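Here is how the chains run, residue by residue.
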Amino acid sequence: MTETILITGATAGLGAEFASQLAARGSNLVLVARTRERLEESASDLHSRFGVTVETIPADLHDDDGVARVVARLRDSARPVTTLINNAGYGLRTTFADSPIEDELNHLKIHVEVPLTLSHAVLQGMLARKSGYIINIASVAGFTPRGTYGAVKAAMISFSRWANIAYRRKGITVTAVCPGFVHTEFHQRMEVDKATVPSWMWLNADQVVSEALRDAAAGKPVSIPSMKYKALVFASRLMPPSLVAGLAKKGR
């Protein structure tokens, strides 16, 4: 059976890179993003380059109706989704006390509520077929004291670790991917000055995605791309939390 992979936040950054690498492998895709025009452009490009089937679902995942459309596609047993990639997300420019609580709750929804909802929906078919992959895009920030962004990513790391234990014996792998600084639109949208980050800390999206796919295929619950970030995460466990928080405050 040809793989069908659903990707949220699929038209930019890591989502677009996942789509490109998976289409190159011959996987059919279901792309989810807010902007219909970008979705249609991405779908046309991927189909013309790789000859795969590319469906699109324009949906704002802050909106319950948008989430419901994606859930309905994941529950369609006639067109099973074999891999779910929960990639949609963003960071907030302001600190917790300075952010409107509505912004914080939307941030929580997009990073925790939506991935859990979509994972629950896709698991039903995966359990029946005894196979499947769920990839949750988290962050090295989830290993550090880094405001509510670190908190929501820590939640997804913890969930992925548990779910991988619970469902691996049933043929399903759940992996949290934890990149650091990556050359994507993410930091531009947060208006972060990339020049303030040492050049050695930046990763390219293709490396992050290729390592993530390899680690998921190997059944790993957590994927930390590159040896340098593996070392940084290990070192962070030995440092005083206040020092780690200072170093991590601008991280992905």
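Quick summary incoming for the structure in this document.

Criteria and thresholds
Per-chain numbering applies: the sequence of each chain, read as written, is numbered from 1 onward. Local features in this predicted model are restricted to residues whose pLDDT is 70 or higher, and side-chain atom pairs enter the listing and the counts only when it is 80 or higher, whereas totals over whole chains, interfaces and linings include all residues. Side-chain descriptors were evaluated using all non-hydrogen atoms of the structure, hydrogens and water having been removed beforehand. Whether a residue is buried, partly exposed or exposed follows from its accessible area with a 1.4 Å probe, protein chains only, as a fraction of its type maximum: under 20%, in between, or over 50%, in that order. Each helix is a run of DSSP H or I of at least 4 residues and each strand a run of E of at least 2, with the numbering of both proceeding from the N terminus. Pairs of strands are assigned from DSSP output, requiring at least two bridges between the strands. Any residue with relative accessible area above 30% and no salt bridge may belong to a patch, with like charges joined within 9 Å and the nonpolar Val, Leu, Ile, Met, Phe, Trp and Tyr side chains within 5 Å. For every accessible area listed, the method is Shrake-Rupley and the probe measures 1.4 Å; residues are considered covered only by the protein chains on display. The term salt bridge refers to a side-chain nitrogen of Lys or Arg lying within 4 Å of a carboxyl oxygen of Asp or Glu. The criterion used for residue contact is that any of the two residues' heavy atoms lie within 4.5 Å.

Overview of the pairing of strand β4 (residues 83-86)
Part 1: Burial along β4 is two-sided: Thr83 and Ile85 facing one way and Leu84 and Asn86 facing the other are all buried.
Part 2: Pairing of strand β1 (residues 4-8) with β4, which is carried by three bridges, proceeds in the parallel orientation. When the bridges of β4 are listed, Ile5 appears paired with Thr83.
Part 3: Relative to strand β5 (residues 132-137), β4 runs parallel, the two being bridged by four bridges.

Observations concerning a nonpolar patch on the surface
Part 1: There is a patch of nonpolar side chains on the surface, built from Phe96, Ile101, Leu105 and Leu108 and spanning about 400 Å² of accessible area.
Part 2: Summarising the element assignment, Leu108 is placed in helix α4 (residues 101-129).

Here's the deal with the environment of Leu123
Part 1: The topology assignment puts Leu123 in helix α4.
Part 2: Each C-alpha atom, one on Leu123 and one on Leu74, is 8.8 Å from the other, the two residues being 49 residues apart in sequence.
Part 3: For Leu123, the residues in contact, after removing those within four places along its chain, are Ile134, Tyr167 and Ile172.

A short note on unusual backbone geometry
Part 1: Even without being glycine, Lys130 reaches a positive phi, approximately 60 degrees.
Part 2: Looking at the secondary structure, you find Lys130 in the loop between α4 and β5.
Part 3: A relative accessible area of 63% means that Lys130 is categorised as exposed.

A word on the pattern of salt bridges
Part 1: All chains considered together, the criterion is met by six salt bridges.
Part 2: Across the salt bridge formed by Glu55 and Arg73, the nearest N and O atoms sit 2.9 Å from each other. Of this pair, Glu55 sits in strand β3 (residues 54-58) while Arg73 is found in helix α3 (residues 64-74), placing the two residues 18 residues apart along the sequence.
Part 3: In this structure, the salt-bridge partner of Glu55 is Arg79, at a minimum N-O distance of 3.1 Å. Taken as a pair, Glu55 in strand β3 and Arg79 in the loop between α3 and β4 lie far apart in primary sequence, 24 residues in all.

Overview of the sheet that holds strand β9 (residues 222-223)
Consider a sheet: its strands pair through backbone hydrogen bonds, and that pairing is either parallel or antiparallel.
Part 1: Pairing within the open sheet is parallel, and its seven strands lie in the order β3-β2-β1-β4-β5-β6-β9. Either end of the sheet is taken by a strand with one partner, and the two such strands are β3 and β9.
Part 2: Sheet topology note: the strand β2 (residues 28-33)/β3 ladder contains five bridges and is parallel. Across the sheet, residue Leu31 finds its bridge partner in β3, namely Thr56.

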